[in-house]
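One letter stands for each residue in the lines below.
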Amino acid sequence: MATPAAPLKCPPPMKATSNGVFQGDDPLDYALPLAIVQICLVLVLTRVLAYLLRPLRQPRVVAEIIGGILLGPSALGRNEKYLHTIFPPKSLTVLDTLANFGLLFFLFLVGLELDPKSLRRTGKKALCIAVAGISLPFVLGIGTSFVLRATISKGVNQGPFLVFMGVALSITAFPVLARILAELKLLTTDVGRMAMSAAAVNDVAAWIFLALAIALSGTTSSPLISLWVLLCGAGFVILCIFIGPPIFKWMARRCSDGEHVDEIYVCATLAAVLAAGFVTDTIGIHALFGAFVLGVLVPKEGPFAGALVEKVEDLVSGLFLPLYFVSSGLKTNVATIQGAQSWGLLVLVIFTSCFGKIVGTVVVSLLCKMPMQEALTLGFLMNTKGLVELIVLNIGKDRGVLNDQTFAIMVLMALFTTFITTPIVISIYKPAKLAVTEYKHRTIERKDTSKQVRMLTCFYSTRNIPTLINLIEVSRGTEKREGLRVYAMHLMELSERSSAILMVHKVKRNGLPFWNKGEVADSNQVVVAFETFEHLSKVSIRPTTAISPMNSMHEDIITSAERKRVAMIILPFHKHQRLDGHFETTRTDLRHVNRRVLQHAPCSVGILVDRGLGGASHVSASNVDFTITILFFGGHDDREALAYGVRMAEHPGVTLVVVRFVVDPEVAGGSVKIDMNQNSGPEAQPDEVLLSGLKQRISKDGSIKYEERTVKDDAETFEAIKSYNRCNLFLVGRMPEGQVVAALNKKSECPELGPVGNLLISSEFSTTASVLVVQQYRSQLSQDSLSSLEEGESSEGNESN
């Protein structure tokens, strides 16, 4: 009698946590510890790859796609033991769930980056370029799909396959493109603005097509079901459009600028994102669509959208999103691309993708009368793929529309097209330097003082704006002059975590609108502050933005100064004053920016130590009552400070006190006299000429006072300076020259401020006056000046090590 066959037993589901190795459990057999190992492995590998690719200036998405492929069956996964230990089949459901959970919130962030109002204002040129950049590759994608169905994709459902291939080839990755443009410093150029506008239109069109493809790719073959799915999806979007914006606007109104956004609003929004994802998944489109739609509907003005990005982005982009690339990499097996036919199809797909995007964009750009160089650059930028491409491919793979070989070919195409974008754009697009009219006025000190003065004032946060505006107010000169033109540059760091919304929308607000060149209604307090001041004064102010990594921020400042032909750059000091009067470092890397600008600036530079000039708000012209003190020792920098101070003295509300320090003849020796017409050193004559002109001016202008202080040593100098502490602003040279200051030249904590500047911010010196430390432009800085900056860099590097 035959024994009955033993019934097959399904492996038990994975438990969440183990009892530990001492209880005999293997942690890798349990869901939580295995997920932790997977996440850590993914993070380490993708970050190492991102670091290795940094010299090539590749966006992080490239490193994450490569990392996912390496962890999958294409590379490390060829080792069966590794694959079944780290990524066993029973763990893939947990991994996919975590990855899709992160993706859900990432698509919410992508929706946040798209402003429907901006899309409505998109110019005809950008719209035409976007349409061309979608339609030609979409048609070529459909053509390619016929070739693939005849070779490696036999038997797949024709309708969904055509649409998936068209969408996959016509996508432009909006978030990845924003990152590349920011890295290449093209975000605020005409090409960058055009690319972002066209990519935004492209993104919306791609999602609509993708919804169609998903609806068509259902398991049932009934077209009625697909139609029902589409209609329900459209109904959901319409419902969201009517219900969402009023609620989100109500939340946004209750979140005012500069205040902490209430946690309840953030939690409610994130819960709504999950609920929207559930609804669209129930309809049969995909959970991602609900999250994306809600992101688009959140108002972009005010701090609410920024707060949502701040709360969600680090966890999602840094932790969960890389898991999606691994999930995708585990489905990608490059080994399936075998033989001449498969590799030929890979070349065909890459060629049609690049050809469609680049040629479609270039042809329409040229018809819109763009220069050839810019049109070609735009074509390659629009060819950027990325995460959205992988989402399309993964959905197609999960729905059975793409088989393993087609999927691997399409993933490699997305990787290749994104990888080539940065190096090709760098090689073909070198913005022509503006026809440089002669850059004469690189300093405030000049023979013809009636000419317009241009200044570039830089700030990192709104904290410095009141002082900057009050400084601009007293710098504007008289109506007899050509006036003052100020470029107010908001310096924003491009960090690893900077999303498109934190770049694009802030640039748009700061005087460089992306979508059109008309006026953009905006509540941004930076622009409002400067615009209000411009209306009240005779000063022309243009707010601009620089978005750079901190290690190259100085390049943006220097380039902007050259293009605008400014006479002085004013930088914020890297420390701010606490309530107790002591200085606290805001950020150490800000001082590196200041030092590099001082070394390479094409004009004079001022570093502003802000102690609240005029208080916490703008002082109107009629209420200005400032005393400005210049401590004059001699030399180039002191003369520049004096020239600037004399300009300030033209303001009716400013009293200028010029204090000249000379050495006591008993200390200096018999050869040196206090006679104003004689002094030692090569700088004597220019100093005397400037002071002589000042004395003549004093006889006509009662707002300028000149004093001379004779001192014997550094202690006496310090005491003399302390007697002038009751003023509003000190103007000093960075590297004064002469015998008096030689005694003060000791090792200082902040060499960028020079000996006198350091003395004025020391804890021993009690004052509420702000300090502006000035360095005059010279084609070659003095050796003392350069060596002090280089010593500061090296000593600081040793401290940080």
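Cut-offs applied
- Residues numbered from 1 in each chain as written.
- Predicted model: local features only at pLDDT ≥ 70, side-chain atom pairs only at ≥ 80, totals over all residues.
- Heavy atoms only, no water.
- Pairing = 2+ DSSP bridges.
- Helix = DSSP H or I, 4+ residues; strand = E, 2+ residues; numbered from the N terminus.
- Axes fitted to C-alpha atoms, helices over the stretch in contact; angles between N-to-C directions.
- Contact = heavy atoms within 4.5 Å.
- Expected span 1.5 Å × (residues − 1).
- Buried < 20%, exposed > 50% of the residue type's maximum accessible area, 1.4 Å probe, protein only.
- Phe/Tyr/Trp six-rings, centres within 6.5 Å; stacked < 30°, edge-to-face > 60°.
- Parallel < 35°, antiparallel > 145°, perpendicular 65-115°, else oblique.
- Left-handed = near helix turned anticlockwise from the far one by under 90°.
- Nonpolar A, V, L, I, M, F, W, Y, C, P; charged D, E, K, R; others polar.
- pLDDT = per-residue confidence, 0-100.
- Right-handed = clockwise from strand over helix to strand, strands pointing away.

**Q** Any details on the sheet that holds strand 8 (residues 626–632)? Residues and values, ideally.
**A** Pairing in this open sheet of 10 strands is mixed, and the strands run 3-2-1-4-7-12-11-8-9-10 from one edge to the other. What marks the edges here is a single partner per strand, and that holds for strand 3 (540–548) and strand 10 (704–711). Strand-to-strand twist of the sheet, defined as the mean angle between neighbouring strand axes without regard to direction, takes the value 20 degrees. Contacts from helix 28 (residues 754–761) reach strand 7 (604–609), strand 8, strand 11 (729–733) and strand 12 (770–775) within the one sheet, and its direction differs from that of strand 11 by about 155 degrees.

**Q** Describe helix 23 (residues 636–648), listing the residues and the values that go with them.
**A** For helix 23, spanning 13 residues, the distance from its first C-alpha to its last is 19 Å, which sits close to the expected 18 Å at 1.5 Å a residue. Buried residues dominate helix 23, accounting for 13 of its 13 residues.

**Q** Describe in detail the packing of aromatic side chains, supporting the description with residues and values.
**A** Applying the stated criterion across every chain yields a total of 9 aromatic pairs. Both rings, one in Trp-250 and one in Tyr-265, keep their centres 5.9 Å apart while their planes meet at 90 degrees; by these two values the pair is edge-to-face. Residue Trp-250 is located in helix 10 (residues 223–253), and its partner Tyr-265 is located in helix 11 (residues 263–283); the two are separated by 15 residues in the primary sequence. Assessed through its relative accessible area of 41%, Trp-250 is described here as partly exposed. Ring geometry for Phe-718 and Phe-765: centres 6.3 Å apart, planes at 55 degrees, overall tilted. Placement of the pair is Phe-718 in helix 26 (residues 714–722) and Phe-765 in the loop between helix 28 and strand 12, with a sequence separation of 47 residues. The residues Phe-718 and Phe-765 share a single accessibility class, namely buried.

**Q** Give me the lowdown on the packing of helix 6 (residues 124–151) against helix 14 (residues 339–367), citing residues and values where you can.
**A** Packing of helix 6 against helix 14 leaves a shortest axis separation of 7 Å and a crossing angle of 160 degrees. Considering their axes alone, helix 6 and helix 14 lie roughly antiparallel with respect to each other. You can see that helix 6 and helix 14 cross each other, and the crossing is right-handed. The class makeup of the residues in the contact of helix 6 with helix 14 is 15 nonpolar, 9 polar and 1 charged.

**Q** So what about the confidence of the model for the protein? Which residues, and what values?
**A** When pLDDT is averaged across the protein, the result is 80; 84% of the residues are at 70 or more. Below pLDDT 50 for its whole length, residues 509–523 participates in 49 contacts with residues either more than four positions away or in separate chains. A low-confidence stretch, residues 797–801 stays under pLDDT 50, and its non-local contacts, those more than four residues away or across chains, total 0 contacts.

**Q** Which residues make up the pairing of strand 4 (residues 568–572), and what values do they have?
**A** Here strand 4 lies mainly inside the structure; 5 of its 5 residues are buried. Burial of strand 4 is two-sided: the residues Met-568, Ile-570 and Pro-572 facing one way and the residues Ile-569 and Leu-571 facing the other way are all buried. For strand 1 (residues 453–459) and strand 4, the ladder comprises 3 bridges, and the chain directions are parallel. When the bridges of strand 4 are listed, Thr-457 appears paired with Ile-570. Inspection of the sheet shows strand 4 paired to strand 7 by 5 bridges, in the parallel sense. In the strand pairing of strand 7, Ile-570 is matched with Gly-606.

**Q** Which residues make up the pairing of strand 8, and what are the values?
**A** For strand 8, a buried count of 6 out of 7 residues is recorded, marking the element as mostly surrounded by other parts of the structure. Here strand 8 runs beside strand 9 (residues 654–663); their pairing, made up of 7 bridges, is parallel. Bridge pairing in strand 9 places Ile-628 opposite Leu-656. For the segment spanning strand 8, helix 23 and strand 9, crossover handedness is right-handed.

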